[in-house]
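Here is what each chain is made of, one letter per residue.
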Amino acid sequence: MKTPASTAPLQPAAPEILPPRKTKQLAGWLVLIAVLIVCSIRTKVTPYQLITGLPQMGSLLREMFPPDWSYLPTIWAPMMETVQIAILGTTLGGLLAIPVALLSASNLQVSRWISLPCRMILNLVRTIPDLLFAAIFVAVFGIGPFAGMLALVFFSFGIIAKLTFEAIEAIDPGPLEAMTAVGANRMQIIRFGVVPQALPYFMSYLLYTFEVNIRAAAVLGLVGAGGIGLLLDRALGLFRYDRASIIILLTLVIVLVIDYGSTIIRRKLL
Amino acid sequence: MIEFDNVSKVYPNGTVGLRNINLTIKEGELVVIVGLSGAGKSTFLRSINRLTDISSGEIRVNGKSVTHAAGSQLRHIRRDIGMIFQSFNLIKRSTVVRNVLSGRVGYHSTLRTMLGWFPKEDVALSLDALQRVNIREKAYVRADQLSGGQQQRVSIARALAQEASVILADEPVASLDPLTTRQVMDDLQRINREMNITTVINLHFIDLAREYATRIIGLRAGEVVFDGTPAEATDEAFAEIYGRPALQDELLGGA
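The model shown is predicted, which means the values in this text are computed figures rather than measured ones.

## Side note on the sheet that holds strand β1 (residues 2-10) of chain B
Residues and elements named next belong to chain B.
Part 1 of the argument: Spatially, β2-β1-β4-β5 is the arrangement adopted by the four strands of the open sheet, whose pairing is antiparallel. One side of each edge strand has no neighbouring strand; the edge strands of this open sheet are β2 (16-25) and β5 (64-65).
Part 2 of the argument: Both β1 and strand β4 (residues 56-61) contribute to a ladder of five bridges, which runs antiparallel. Looking across to β4, one finds that Asp5 is bridged to Glu58.
Part 3 of the argument: Taken strand by strand, helix α1 (residues 41-48) contacts β1, β2 and β4, and its axis lies near 55° from that of β2.

Here is the structure:
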């Protein structure tokens, strides 16, 4: 329905509305620049080092070419081991993340006595870098892929659980209410109200973490946790930069393939 | 049958949702609740299946106290009450039949429902429910592929699959256009008549209320200020419920 035109006399002209001042924005930029300068001075990290180091960089690159193609058969098996470590670590970490994500979400009426400790654990796990996990597990379980796999379980668990519980908190509460009204119990509400909504996000995070884990698994060998990193460490130690470059190239190819694959799957999921 | 005994609801912030309500809705009635927004219509409806807790008094559905029920007792009462929401509240990514089947979870063990194994009879019942609202052919389409009116009919089918004896509908047509509004209201009326399901609907279109209801209850500031037949619900009566004459946008018009 249209409102009839107002017959009241026109209001006196309102004061002209000016755009907000840009002083705040400018101050923000100045603070950022000041912080950068202070950090650079305190740590003695200056562009000067970049300039003096560049020739060194050039000679290193020259030594990397041509890559040692004959090394490819030797690194194939450890590379596959790296991928397998990543698959196991991501999957187990993702499975562990499901219950913790559900218990951490604030919209599922879990007691605070459970959800707060769960979130604490998540924050704690995420403060520990993957290499530190690997070093700890190498010390406990000895050198080998098992320690690397375990490191990735914890690393993936931290990422996936955190992202998933935030996704759960953002789901539409309507279907949960509908399931409550239908007479469903807590588990049934989760199964029919939460899971269908959160599953695509969970899968997407799982794939993303898998990509990250391939890269992480490639360096785990540096601390003796199996995979391609061991050979990379050896090649660098022996100044065989031609071998290091073939390892890097192969890793790049694998990461690109997985990246491409998971992008396609993620697009279908969401 | 739904009975309200001295029911009051005061929200924690002091807002009065319901004030001393005493009434009985008999089996097979199609009751339309009218009132301004904030008059307590939603609170009234949601307190029947206890999506909202009341502060004092007692509500009984088919003789069983909703107010004093807990745990599986409450879930069994809820299983018997279908609910239809303004925003449909379907799982958009699931198929239509899956959504209707979700109305059956209250009848099965947790383990069985976790695995998603519904008996053949449940599937047949769900397809039958979809047939009743004329969207049987959409059974295996994803719910988000459907129009608003179709989605609302899926949620009616979900209530039918529950084999509910009471259907509550909270502004079921507020997000639909006039044509689909009539289709959905026709469905609700037909189900109410054919299956003798007690139906309580919140509406803000007063002409729809007069057209479909067998009884109209008017709420104002949480109190029942009108309770009568559509014939008794004159323009003056509505002016009394609303505290002012009805506006043009409170009429759906057309038909």
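This is not the end of the story, as more comes after the structure.
## Overview of the domain arrangement of chain B
Part 1 of the argument: According to the domain assignment, chain B consists of domain 1 (1-39 + 51-60) and domain 2 (90-170).
Part 2 of the argument: Computed from C-alpha atoms alone, the centre-to-centre distance between domain 1 of chain B and domain 2 of chain B is 28 Å.

## Details of the layout of surface pockets
Part 1 of the argument: As a volume, the largest pocket reaches approximately 490 Å³.
Part 2 of the argument: For the lining of the largest pocket, the elements supplying multiple residues, two or more each, are α7 (174-182) and α8 (186-220) of chain A together with α2 (71-79) of chain B.
Part 3 of the argument: Grouping the amino acids of the lining of the largest pocket by side-chain chemistry returns nine nonpolar, five polar and six charged.

## Notes on the sheet that holds strand β6 (residues 81-84) of chain B
All names here are of chain B.
Part 1 of the argument: Taken together, six strands build an open sheet; the order of strands is β6-β7-β8-β3-β9-β10 and the sheet is mixed. At either end of the open sheet lies a strand with only one pairing partner, and these are β6 and β10 (223-228). Direction aside, neighbouring strands of the sheet carry axes that sit 15° apart on average.

## A few points about unusual backbone geometry
Part 1 of the argument: With an omega of -5°, the peptide bond running from A:Phe65 to A:Pro66 counts as cis.
Part 2 of the argument: Topologically, A:Pro66 is positioned in the loop between α2 (47-64) and α3 (72-104).
Part 3 of the argument: Unusually for a residue other than glycine, A:Phe239 sits at a positive phi of about 55°.
Part 4 of the argument: In this fold, A:Phe239 is placed in the loop between α9 (229-237) and α10 (241-269).
Part 5 of the argument: In this model, B:Arg50 sits at a positive phi of 60°, which is unusual for a non-glycine residue.
Part 6 of the argument: Of note, B:Arg50 is situated in the loop between α1 and β4.

The rules behind the values
- Residues numbered from 1 in each chain as written.
- Chains lettered and ligands numbered in written order.
- Predicted model: local features only at pLDDT ≥ 70, side-chain atom pairs only at ≥ 80, totals over all residues.
- Heavy atoms only, no water.
- Pairing = 2+ DSSP bridges.
- Helix = DSSP H or I, 4+ residues; strand = E, 2+ residues; numbered from the N terminus.
- Contact = heavy atoms within 4.5 Å.
- Axes fitted to C-alpha atoms, helices over the stretch in contact; angles between N-to-C directions.
- Domains from an automatic or database assignment.
- 1 Å grid on protein atoms, 1.4 Å probe; cavity = no way out; pocket = protein on both sides within 12 Å on 5 of 7 lines; lining within 4 Å.
- Points joined across faces, edges and corners; volume = space filled by probe spheres on them.
- Nonpolar A, V, L, I, M, F, W, Y, C, P; charged D, E, K, R; others polar.

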